[in-house]
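Single-letter residue listing:
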Amino acid sequence: RRNAWAARIARYFAYCVDGGILGERFTFPLLLQSLSRLSSEMDSSMNAVIDFLLHVKHRDDWKINYFLEKEKSITLTALAKDPDNFTRFSFNDVIMRHLLSEGFVENELKKRP
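Residues numbered from 1 in each chain as written. Predicted model: local features only at pLDDT ≥ 70, side-chain atom pairs only at ≥ 80, totals over all residues. Heavy atoms only, no water.

### Structural notes on the nonpolar core
Nonpolar side chains in soluble globular proteins tend to end up buried together. Put simply, the rule is: Take the buried residues of types Ala, Val, Leu, Ile, Met, Phe, Trp, Tyr and Cys, join any two whose side-chain atoms come within 4.5 Å, and each joined set is a nonpolar core. Burial classification: accessible surface area is computed with a 1.4 Å probe over protein chains only, and a residue below 20% of its type maximum counts as buried, one above 50% as exposed, and the rest as partly exposed. The secondary structure listing takes helices from DSSP runs of H or I that are at least 4 residues long and strands from runs of E that are at least 2 residues long, numbered from the N terminus. In this analysis, two residues are considered to be in contact whenever any of their non-hydrogen atoms come within 4.5 Å of each other.
Core analysis: the biggest nonpolar cluster contains 21 residues, and Phe28 and Leu99 have the highest contact counts within it. Counting only elements with at least two residues in this core, the list comes to helix 1 (2–20), helix 2 (28–34), helix 3 (40–54), helix 4 (76–81), helix 6 (93–101) and helix 7 (104–111). Top element by residues in this core is helix 3. It accounts for four residues. The residues touching Phe28, leaving out its near neighbours within four places in the chain, are Val17, Asp18, Ile50, Leu53, Ile95, His98 and Leu99.

Structural data, given as structure tokens:
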């Protein structure tokens, strides 16, 4: 149940960041485009935010809250490295679409071999 609540919060935050509050003045693609200007310290913090908004979790497994139990969390990079993960895990499709269209996933995979 706790993970279901965290998933709803992540989806709501994703809505807010993707134009839900300020409309076209602040959207998730604009946020992604500005990431290149951040320091490496802020970059890791923003990756944690993106991982939360994406909210990767095992399909049909609501018992584990992957964001409270960090050793079990699934990052975007781990998800993208194995194509079979896309059938075993679910995620926020709107955020994933933005990450793919803005080239964020490709850049992350280039950074981390």
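### Let's talk about the environment of Ala78
Along the chain, the position of Ala78 falls in helix 4. Assessed through its relative accessible area of 37%, Ala78 is described here as partly exposed. Along the backbone, Ala78 and Leu109 are 31 residues apart, and their C-alpha atoms lie at a distance of 9.4 Å.

### Comments concerning the confidence of the model for the chain
Inclusion rule: The score called pLDDT rates the predictor's confidence residue by residue, from a low of 0 to a high of 100.
Confidence in the prediction for the chain averages 81 pLDDT; 84% of positions are at 70 or higher. Mean pLDDT across the elements of the chain ranges from a minimum in strand 1 (residues 57–58), with 79, to a maximum in helix 6, with 92.

### A word on the packing of aromatic side chains
To keep it simple, the criterion reads: What counts as a ring pair is set by centres within 6.5 Å for rings of Phe, Tyr and Trp (its six-membered ring), and what kind of pair is set by the plane angle: stacked under 30 degrees, edge-to-face over 60, tilted for all other angles.
Taken as a whole, this structure holds four aromatic pairs when the rule is applied. When the centroid spacing of 6.3 Å and the interplanar angle of 45 degrees are considered together, the rings of Tyr12 and Phe13 count as tilted. With relative accessibility at 42%, the residue Phe13 sits in the partly exposed group. The exposure class assigned to Tyr12 is partly exposed, which follows from its relative accessible area of 49%. Three or more aromatic residues joined by ring pairs form one cluster here, namely Tyr12, Phe13, Tyr15 and Phe52.

### Some points on the environment of Phe26
Mapped onto the elements, Phe26 comes out in the loop between helix 1 and helix 2. For Phe26, a relative accessible area of 32% puts it in the partly exposed group. For the pair formed by Phe26 and Cys16, sequence separation is 10 residues and the distance between their alpha carbons is 9.2 Å. Discounting residues that sit within four places of it in the chain, Phe26 has contacts with Val17, Asp18, Gly19 and Leu31.

### Comments concerning the pattern of salt bridges
Close approach of charged atoms lets side chains of opposite charge pair. Formally: Whenever a carboxyl oxygen of Asp or Glu lies within 4 Å of a side-chain nitrogen of Lys or Arg, that contact is scored as a salt bridge.
By the definition in use, this model includes two salt bridges. For the salt bridge of Asp82 with Arg88, the shortest nitrogen-to-oxygen distance reads 3.8 Å. The exposure class of Arg88 is partly exposed, given its relative accessible area of 43%. Where Lys110 meets Glu106, a salt bridge forms, and the shortest distance between an N and an O atom there is 3.4 Å. Of this pair, Lys110 and Glu106 are both found in helix 7, four residues apart, which corresponds to roughly one turn of the helix.

### Here we look at the packing of helix 3 against helix 6
Our working definition: The axes are straight lines fitted to the C-alpha atoms, using for helices just the contacting stretch, and the angles between their N-to-C directions are given from 0 to 180°. Orientation is classified from the angle alone, with under 35 degrees giving roughly parallel, over 145 giving roughly antiparallel, 65 to 115 giving roughly perpendicular, and any other angle giving oblique. Side-chain classes are defined by residue name, with Ala, Val, Leu, Ile, Met, Phe, Trp, Tyr, Cys and Pro counting as nonpolar, Asp, Glu, Lys and Arg as charged, and the others, Gly among them, as polar.
Running from N to C, helix 3 and helix 6 point in directions that differ by 135 degrees, and their axes come no closer than 8 Å. With respect to their mutual orientation, helix 3 and helix 6 come out oblique. Along its contact with helix 3, which presents Ile50, Leu53 and Leu54, the element helix 6 presents Ile95, Met96 and Leu99. For the contact of helix 3 with helix 6, the per-class residue count stands at six nonpolar, no polar and no charged.

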